[in-house]
Amino acid sequence: MTAVAQVVATGAHVDVVGDVTLVSGLASKMSVDPDLLRVHPASDAAAAVERAARLVREGDAAFVVKGSLSTAELLGGLLRERLPGRSSCASHAYVMHLEAFGERTVILTDAGVNIAPTLETKVAIVDNAAALFRSLARTEQRVAVPRVALLSAVEKVNPKLASTIDAAALRVMWERGQINDVLIDGPMPLDAALVPHSAAEKGLEGAVAGQADILVAPDLDAGNLLAKALIGQRTPAMGVVLGVGVPVALPSRGDTVDTRTLSFFLAAHLAETNQLELERTW
């Protein structure tokens, strides 16, 4: 609720779905402006997700923010609602500013949804992350092309290490035009993806080595652990789920209030960008 209070303090209107008495009591204690907060009753998790989806369908909400519901309850419910615009796969991404790596801003995916993604799922994960990158990096003059590093423990293909096999396959798919509007390289260790001299020492060349914009983890374990290690308690970060049909702010339960608040604003930005794209289409 602290993050909600911070967002409302900026003048934003927020809809909260849940226990009306509990939410209203917390809002009152935090001096949240009641004119900017609407509380919708929901008896349980399923009812809360259904109500949130209805707010989106009726145009009363442009994005969803995870509260006390589990990720599985929220995303499972939203996917069952089949909101317009959803993609072939939902995936999680962190946008983080890494001071230790030359003040770089990078996207790390997937750190929260796909446990053991197949090759097909990884293609969708790359597509979702690339769309996120373009929404953040687009200028009036050009559409930025993201550099995607497919992470593994080593930079050479090893038949005993599945992440290197998938990375090699994804690179071939990209080279043959099956994945578009990105630059892809891998397998690639984290240091080689972010640090130019580390990439050079490993004999890696090209546009991605040492300069990656998007880091694709081999599985959820690796992505989640890497995210927690990079973010810690100080790194500015935002977590969002893509591909559900509506942006979903989804920071981790252990994230700071700042990360939760920033995730809210990232989802708001994506919702606004999506609306502008629809207006351009029409």
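The structure we're discussing is the one just above.
To start, this report covers the structure provided alongside it. (Residues numbered from 1 in each chain as written. Predicted model: local features only at pLDDT ≥ 70, side-chain atom pairs only at ≥ 80, totals over all residues. Heavy atoms only, no water.)

1. A word on the packing of helix α5 (residues 119-137) against helix α6 (residues 162-175)
As a reminder of what qualifies: Orientation is described by axes fitted as lines to C-alpha atoms, over the contacting stretch for helices, and by angles from 0 to 180 degrees between their N-to-C directions. Per the convention used, a helix needs a DSSP run of H or I reaching at least four residues, while a strand needs a run of E reaching at least two, with both numbered from the N terminus. Under this scheme an angle from 65 to 115 degrees is roughly perpendicular, one under 35 degrees roughly parallel, and one over 145 degrees roughly antiparallel; angles in between are oblique. By convention the crossing between two helices is left-handed if the near helix lies anticlockwise of the far one by an angle smaller than a right angle, and right-handed if it lies clockwise. Residue contacts are defined here by distance: any two heavy atoms, one from each residue, within 4.5 Å place the two residues in contact.
Across the interface, α5 lies against α6 with an axial gap of 11 Å and an inter-helix angle of 60 degrees. By the criterion of interaxial angle, the relationship of α5 to α6 is oblique. Between α5 and α6 the crossing geometry is right-handed. Side by side, α5 and α6 meet where L119, K122 and V123 of the first sit next to D166, A169, L170 and M173 of the second.

2. Some thoughts on unusual backbone geometry
Only a minority of non-glycine residues have a phi that is not negative, and only a minority of peptide bonds are not trans. The peptide bond linking T109 to D110 adopts the cis configuration, its omega dihedral lying at 0 degrees. Looking at the element boundaries, D110 is found in the loop between β5 (104-109) and α5. With an omega of 5 degrees, the peptide bond between G186 and P187 qualifies as cis. Within the secondary structure, P187 sits in strand β7 (residues 183-188). One non-glycine residue, R82, lies in positive phi territory at about 50 degrees.

3. What to know about the nonpolar core
Here is the rule: Within this scheme, the nonpolar core is defined by two criteria: the residues are buried Ala, Val, Leu, Ile, Met, Phe, Trp, Tyr or Cys, and they are joined through side-chain atoms within 4.5 Å. Only protein chains enter the calculation, and the probe is 1.4 Å; a residue is then buried if its accessible area is under 20% of its type maximum, exposed if over 50%, and partly exposed in between.
Grouped together as the largest cluster of nonpolar side chains are 33 residues, with contacts concentrated most on V14, L74, L78 and V248. Looking at this core, the elements with two or more residues in it are α1 (2-8), β1 (14-18), α2 (20-29), α3 (45-57), α4 (71-81), β10 (248-249) and α10 (257-281). Residues in contact with V248, not counting those within four places in the same chain, are V64, L74, L75, L78, G239, V240 and V241. With 25 residues, the next largest nonpolar core counts A129, L170, I184 and L242 among its residues.

4. A look at the sheet that holds strand β8 (residues 214-216)
As a reminder of what qualifies: Two strands pair if DSSP finds at least two bridges between them.
The strand order across the open sheet formed by eight strands is β3-β10-β9-β4-β5-β8-β6-β7, and the pairing between neighbours is mixed. Looking at strand neighbours, the two that pair on one side only are β3 (64-65) and β7, the edges of this open sheet. Summarising the sheet, strand β9 (residues 237-242) and β10 pair through two bridges and their orientation is antiparallel. The partner of V240 across the bridge, within β10, is A249.

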